[in-house]
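Breakdown of the fold
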Amino acid sequence: MKMDRKWRISMIAIGLLLGGTHLAEAQEAAKAVPRLSEQNKLLVTSEIQAEVQRFVNEQPRIDGQGKIILARVTPDPSRQWIYVDVDSAFLPKGRTEMGEDVGELVRAIQNHVVDLLLGIVEFKAVVIRVDGKRLDEIYPPRYKSEKTARANAQPTSPVDGLVVLSPSHGRYFHYGSNKWEYQRPLYVNSTVVHEDTITPGYTSMLQSLLTSRSPTHATSIRQTRDIGNTAIDPNSGLKWAELAARYYLARLYPNETGMWNQYPNGKPNRLELREYDDDIAVRPNFAKFVNAETMISIHTDGSDTNPSARGLSVFTNLNDPKSMALAESVKCYVQEQIKQRPDYPTFPIRSGPNDGVGYGEVREADMETVLIEVGFHSNAEDAALLQTTEFRTISMRGIEKGYRMYREGKACAPFAITSVGPAAGKAPGKVPVSFTYVGYPQGTMKADVEIVKCAPGNTCNGAKGLPVTLADGKLSWSFTCGTVVANATHTVRTKLYDADGVFADSVESAVTCQV
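The following refers to the structure shown.

A few points about the state of the cysteines
The tally for this structure, following the rule as stated, stands at 3 disulfides. In this model cysteine 332 forms its disulfide with cysteine 412; the gap between the sulfur atoms is 2.1 Å. Disulfide cysteine 332 to cysteine 412: torsion about the S-S bond roughly 80 degrees, handedness right-handed. Residue cysteine 332 is found in helix H11 (residues 321-339), and its partner cysteine 412 is found in the loop between helix H14 (389-407) and strand S13 (416-420); the two are separated by 80 residues along the sequence. Between cysteine 454 and cysteine 460 runs a disulfide, and the two sulfur atoms are separated by 2.0 Å.

Structural data, given as structure tokens:
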């Protein structure tokens, strides 16, 4: 079914090119993933409309929702968004704020649409509308009313360089079971690993990278959880590192009850979850309290309906240009770090930056914010990957680089070779092979060189890890010419990579050893 869908949508791009007799371009279009466009938007709608309606029909209903909810898919190529328009039955009656239960339904619809089109058509966001209105219009975030109330007060500016890192989620007290519960289920194939226990390792790694690589931009870093603290909390009998942000921040700021005890009486029909809901709220509340410039949240994703769902997703506040720019940069360089390596050929970077309205951390953040779902703990491959030090390091390098490039005002530019000219020099001796490039490679560069064609009568040897120099905006490595009796032209294939192991696509070039 999915391959049929991919074939039909790809045929539109191919047909347009064939109509212009561009056969080579048409052949490339068959391999590439087309962008959402005016030409394919109706086919996109027809391909997924029935499946999206079926999915909404089968979603569990929460109190106050209608039994029948109509859903309509409306692609918007100008924004690269796909709207899912649902009717008013989607909204729980009497609700004055969105809440995490509605957010979970929103996120499930978003993931389902992305899964239907992953590898088939490129777009950015899935945006849920109710009777034509976006959810943040129906349920305005609290910080907007708070800003209005403070309009006549002394304005406060974000603290330059203050970054809040929020690792989801941590254990909380459930008033129904009267037990300290995990907020997220076990990783698939595990009896001990939860999202709650994995994400602190990711934000710890990210803090280390920000400190070492972005010291002039991230001048102060705060964590919402007490990660790494193995001391026992006397109330829960658990290590502080296991607990949700609510309890750590209550310990730090006991008098700021409005920050960490937002729902002392619970939400309607969620009394037993009041400290769970407090924990979601306290994360952006804390970032506002300290006047953070940036908030970065790290999660792992899950699907109750699709164990095949995989990949990393980036979410943000689509209404905030700064958050959008940060999220675009993070997605760009996470993709560079993960996909421009040989390690993870099948790991997807999902459509984005996506609409983060379904997340309290994004919805209620009044500073630039980005949330990254690093992978799916409900998928066996991703769950295993998420527990490795290597993947944790690589993914967090991408986030740090995205943050740093955003702060430096640099546009998305994954490392790539743009040109390589023929090289020539006297033999015996060393001949520089030079390249122009785009991007911002990290640290010392190296080259792996393969001999594609050696001139007759000569001996040529490839090599790995050759030093690469940077001069006059060009990268180069040196080919060693032996003694020749006539000009000898060889063909070499070069792969350049930086200190993080990020490769540019290999290129072929000619090297002539001259008499």
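Concerning the side chain of glutamine 53
Mapped onto the secondary structure, glutamine 53 falls in helix H3 (residues 41-58). At a separation of 2.9 Å, a polar atom in the side chain of glutamine 53 contacts the main-chain carbonyl oxygen of isoleucine 69. Every residue in contact with glutamine 53, bar those within four places of it in the chain, is listed here: Ile69, Leu70 and Ala71.

What about the packing of helix H7 (residues 195-213) against H14?
It is at 9 Å that the axes of H7 and H14 come closest, and there the two elements cross at 45 degrees. In terms of orientation, H7 and H14 fall into the oblique class. You can see that H7 and H14 cross each other, and the crossing is right-handed. For the pair H7 and H14, contact is made by Gly201, Tyr202, Met205, Leu206, Leu209, Leu210 and Arg213 and by Phe391, Arg392, Thr393, Ser395, Met396, Arg397, Ile399, Glu400, Tyr403 and Arg404, respectively. When grouped by side-chain class, the residues that make up the contact of H7 with H14 number 9 nonpolar, 3 polar and 5 charged.

Details of the sheet that holds strand S20 (residues 488-497)
In space, the 5 strands of this open sheet follow the order S14-S21-S20-S16-S17, with mixed pairing throughout. What marks the edges here is a single partner per strand, and that holds for strand S14 (423-426) and strand S17 (463-467). Strand-to-strand, the axes of this sheet are offset by a mean angle of 35 degrees, without reference to chain direction. Of the strand pairs in this sheet, strand S16 (residues 446-453) and S17 are connected by 3 bridges, and their pairing is antiparallel. In the sheet register, valine 449 faces S17, and the bridge partner there is alanine 463.

Overview of the packing of aromatic side chains
Tallied over the full model, the rule gives 13 aromatic pairs. Aromatic side chains tryptophan 81 and tyrosine 83 sit 5.9 Å apart centroid to centroid with 80 degrees between the ring planes, which places their arrangement in the edge-to-face category. With respect to class, tryptophan 81 is no different from tyrosine 83; both count as buried. Seen from their ring centres, tyrosine 344 and phenylalanine 391 are 5.5 Å apart, and the 85 degrees between their planes marks the pair as edge-to-face. Of this pair, tyrosine 344 sits in the loop between H11 and strand S11 (354-355) while phenylalanine 391 is found in helix H14, placing the two residues 47 residues apart along the sequence. The exposure class of phenylalanine 391 is buried, given its relative accessible area of 0%. By way of ring pairs, the aromatic residues Phe173, Tyr175, Trp180 and Tyr247 are connected into one cluster. In this structure, arginine 171 packs its charged tip against the face of tyrosine 182, placed 4.5 Å from the ring centre. Here lysine 495 stacks its cationic end above the ring of phenylalanine 503, 4.9 Å away from the centre of that ring.

Points about the sheet that holds strand S9 (residues 292-301)
Within a beta sheet, neighbouring strands are joined by backbone hydrogen bonds and run either parallel or antiparallel to one another. What the 6 strands build is an open sheet, ordered S8-S5-S9-S12-S10-S11; its pairing is mixed. Edge positions in the sheet fall to strand S8 (220-223) and S11, since each of these pairs with one other strand and no more. Across 2 bridges, the pairing between strand S10 (residues 313-316) and S11 is parallel. What sits directly across from threonine 316, in S11, is aspartate 355.

Things to note about the pattern of salt bridges
Evaluation of the coordinates by the stated rule reveals 34 salt bridges. With a closest N to O distance of 2.7 Å, lysine 124 and glutamate 328 form a salt bridge. Linking lysine 124 in the loop between helix H4 (99-117) and strand S3 (125-130) with glutamate 328 in helix H11, this pair joins segments that are 204 residues apart in sequence.

Considerations on the pairing of strand S1 (residues 71-76)
Across 6 bridges, S1 lies against strand S2 (residues 81-86) in antiparallel orientation. Of the residues in S2, the one forming a bridge with aspartate 76 is tryptophan 81. Where S1 folds back onto S2 in an antiparallel hairpin, the turn is made up of 4 residues, including glutamine 80, whose phi is positive at roughly 60 degrees.

Thoughts on the packing of H3 against H4
Between H3 and H4, the shortest axis-to-axis distance is 10 Å and the interhelical angle comes to 145 degrees. The handedness of the crossing between H3 and H4 is right-handed. Contact residues: H3 offers Val44, Ile48, Glu51, Val52, Arg54, Phe55 and Val56, while H4 offers Ala108, Ile109, His112, Val113, Leu116 and Leu117. Of the residues contributing to the contact of H3 with H4, the split by class is 10 nonpolar, 1 polar and 2 charged.

Parameters and conventions
All residue numbers here refer to positions counted from 1 along the written sequence of the relevant chain. Thresholds applied to this predicted model are a pLDDT of at least 70 for local features of residues and 80 or more for the giving and counting of side-chain atom pairs; totals over whole chains, interfaces and linings are not thresholded and use all residues. Neither water nor hydrogens contribute to the side-chain values; these are computed over all heavy atoms in the structure. By definition, disulfides here are pairs of cysteine sulfur atoms that lie within 2.5 Å. The secondary structure listing takes helices from DSSP runs of H or I that are at least 4 residues long and strands from runs of E that are at least 2 residues long, numbered from the N terminus. Polar contacts, as counted here, are pairs of nitrogen or oxygen atoms within 3.5 Å of one another; within protein the pair requires one atom able to donate a hydrogen and one able to accept it, and residues that are adjacent in sequence qualify only if both atoms are side-chain atoms. The contact definition used throughout considers only heavy atoms, calling two residues in contact when any of these lie within 4.5 Å. A fitted line through C-alpha atoms serves as each axis, taken over the contacting stretch for helices, and the angle formed by two N-to-C directions is quoted from 0 to 180°. What sets the label is the angle itself: under 35 degrees gives roughly parallel, over 145 gives roughly antiparallel, 65 to 115 gives roughly perpendicular, and the rest give oblique. With the far helix as reference, a near helix turned anticlockwise by less than a right angle produces a left-handed crossing, and one turned clockwise produces a right-handed crossing. All residues other than Ala, Val, Leu, Ile, Met, Phe, Trp, Tyr, Cys, Pro, Asp, Glu, Lys and Arg, Gly among them, are scored as polar; the first ten of these are nonpolar and the last four charged. Criterion used throughout: strands pair if DSSP finds at least two bridges between them. Pairing of aromatic rings covers Phe, Tyr and the six-membered ring of Trp, with a centre-to-centre limit of 6.5 Å; geometry is then stacked below 30 degrees between planes, edge-to-face above 60, and tilted otherwise. Exposed residues in this analysis have more than 50% of their type's maximum accessible area, buried residues have under 20%, and partly exposed residues fall in between, with area computed by a 1.4 Å probe over protein chains only. Two conditions define a charge sitting above a ring: the NZ of Lys or the CZ of Arg must be within 6 Å of the ring centre, and it must be within 35 degrees of the ring normal. By convention in these notes, a salt bridge is any Lys or Arg side-chain nitrogen within 4 Å of a carboxyl oxygen on Asp or Glu.

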